[in-house]
Amino acid sequence: MTQKSSGCLWMLAGFGLCLGFLTVLAIVFIVASGNSVRTVVKPTAPKFEETVVVDAKKDAKDPDAKIALITLRGIITSAEPGTIGDTMVDDLKLQCEQAAMDEKVRAVVLYVDSPGGEVTASDFIYNAVRKIRDGGYGPKNKKPVVVYMGSLAASGGYYVSCGGTYLIANETTLTGSIGVIMQSLHYQHLFDKLGLETITFKSGQFKDMLSGSRELTQEERDYVQGMIMQTYGKFVGIVARERKLNEDELRHGLADGRVISGKDAMAARLINATGEVEDAYAKAMELGGAKGAAVVRYESPFKFGRLLRLLGQSEKTSVEVNVAKVLSPKLEAGRLYFLPSFYAP
């Protein structure tokens, strides 16, 4: 064999070795990629930061014990963006979970200052609060929840409060308003004056039953009223069960949508006591066996990326001030709400 032929054979052998090595690497990469696709990594839940509201006493039974303060303010709606979760409802649920899973938290104070809001959103938060109270996050994570009602804890605000262990309100708090409301704007007569007409193609008789361009049929009225009463029945049932009241007496009494004061709510046994927020802290320490514990409030951590997104959401150079929108919520057609009558135009 000539020297030239020998050199070619060595080159072919080297090329074959390189090709084989690359093939092995490709196989390893494909297998690893396949495993990574099949492996589901559960993301860790985002955490809220803690701000001390009340310092622990020097004679505290357990210096590491905490009372978690969770605040619910404003309209309860899944349309309101959250600071950590997708919506404000998600934020409340995450705070409830964080408080339940923190072994240093011995009890929770839920501060409610809300007129209520969407039915489903209110129900989500009520269940999250109840899970803390009943050990839904685990038997070891069962903790008392003391609800303190601020200026307003009506309708959906009261619905959520029923998930608590012990309810406290100020004597001047507006609460109650046990009821359901749904609205639709009727503009048929305006269209008639303007000479406008809506042309609708639908697959069934109820598909456009909340359209404001025509009168509702009696069948549609009965159907919608049935949904209202079904949701109302759940609301009243929860109040009767949680507050140990007679459901029939509620239906023919306070559960007619009226708003009542904290003083009257106490007399009607809708709450356990009247007082100030400090009384709620003290009760939470008592029920949680954490006398003199610190009270910490959950707050959203600052995220620079969220700030950039908020700044980039609008290209408007003008400032719009809508006083009517601030004073009352916009009730969307087709949604069920737990709201007092004075919030409905």
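See the structure above.
Residues numbered from 1 in each chain as written. Predicted model: local features only at pLDDT ≥ 70, side-chain atom pairs only at ≥ 80, totals over all residues. Heavy atoms only, no water.

Enquirer: Sorry if this is basic, but what is going on with the pattern of salt bridges here?
Expert: Taken as a whole and judged by the stated rule, the model has 15 salt bridges. The salt bridge involving Glu286 is made with Lys283; its shortest N-O contact spans 3.4 Å. Here Lys283 and Glu286 lie together in helix α9 (residues 277–287), a separation of three residues that amounts to about one turn. The class for Lys283 is buried, based on a relative accessible area of 17%. Via salt bridges that share partners, Arg130, Arg133, Asp134 and Glu242 belong to a single interconnected network. (Salt bridge = Lys/Arg side-chain N within 4 Å of Asp/Glu carboxyl O. Helix = DSSP H or I, 4+ residues; strand = E, 2+ residues; numbered from the N terminus. Buried < 20%, exposed > 50% of the residue type's maximum accessible area, 1.4 Å probe, protein only.)

Enquirer: Help me out: how do you make sense of the pairing of strand β5 (residues 145–154) in this one?
Expert: Regular strands place side chains that alternate from one sheet face to the opposite one. Within β5, nine of the 10 residues are buried, leaving the element largely enclosed by the surrounding structure. Relative to strand β6 (residues 166–169), β5 runs parallel, the two sharing four bridges. When the bridges of β6 are listed, Val147 appears paired with Leu167. At this point the chain moves from β5, through helix α4 (residues 156–161), to the parallel β6, and the crossover so formed is right-handed. Direction of pairing for β5 relative to strand β7 (residues 174–176): parallel, over a ladder of three bridges. Paired with Ala154 across the strands is Gly176, a residue of β7. (Pairing = 2+ DSSP bridges. Right-handed = clockwise from strand over helix to strand, strands pointing away.)

Enquirer: For this particular structure, what's the right way to read unusual backbone geometry?
Expert: Leaving glycine aside, a negative phi is the common case for residues, and trans is the common case for peptide bonds. Unlike most non-glycine residues, Ser155 shows phi in positive territory, near 50 degrees. Mapped onto the elements of the fold, Ser155 is located in the loop between β5 and α4. A residue is classified by how much of its surface remains accessible, and Ser155, at 0% relative accessible area, is buried. Notably, Lys244 is not glycine yet its phi reads approximately 55 degrees, a positive angle.

Enquirer: In this structure, what is going on with the layout of surface pockets? I would like to understand it.
Expert: Rolled over the atoms, a probe as big as a water molecule pinpoints where empty space is left. As a volume, the second largest pocket reaches approximately 300 Å³. In terms of lining, the second largest pocket is formed by 17 residues, of which the most central are Met182, Ser184, Leu210, Leu216 and Arg221. Grouping the amino acids of the lining of the second largest pocket by side-chain chemistry returns eight nonpolar, six polar and three charged. (1 Å grid on protein atoms, 1.4 Å probe; cavity = no way out; pocket = protein on both sides within 12 Å on 5 of 7 lines; lining within 4 Å. Points joined across faces, edges and corners; volume = space filled by probe spheres on them. Nonpolar A, V, L, I, M, F, W, Y, C, P; charged D, E, K, R; others polar.)

Enquirer: Would you take a moment to explain the packing of aromatic side chains for this structure?
Expert: A ring pair, where both rings are aromatic, is described by two values, the distance of the centres and the angle of the planes. Taken as a whole and assessed by the stated rule, the structure comprises seven aromatic pairs. Between Tyr111 and Tyr148, the aromatic rings sit 5.4 Å apart at their centres with planes inclined by 55 degrees, giving tilted as the arrangement. Of this pair, Tyr111 sits in strand β3 (residues 105–114) while Tyr148 sits in strand β5, and the two are 37 residues apart along the sequence. Across the pair, Tyr148 and Tyr111 agree in class, each one buried. An angle of 50 degrees between the planes, with centres 4.8 Å apart, marks the rings of Tyr187 and Phe191 as tilted. Following the ring pairs from residue to residue traces out a cluster consisting of Tyr126, Tyr159, Phe235 and Phe338. Lying over the aromatic face of Phe124, Lys93 brings its terminal NZ or CZ to 5.1 Å of the ring centre. (Phe/Tyr/Trp six-rings, centres within 6.5 Å; stacked < 30°, edge-to-face > 60°. Lys NZ or Arg CZ within 6 Å of the ring centre and 35° of its normal.)

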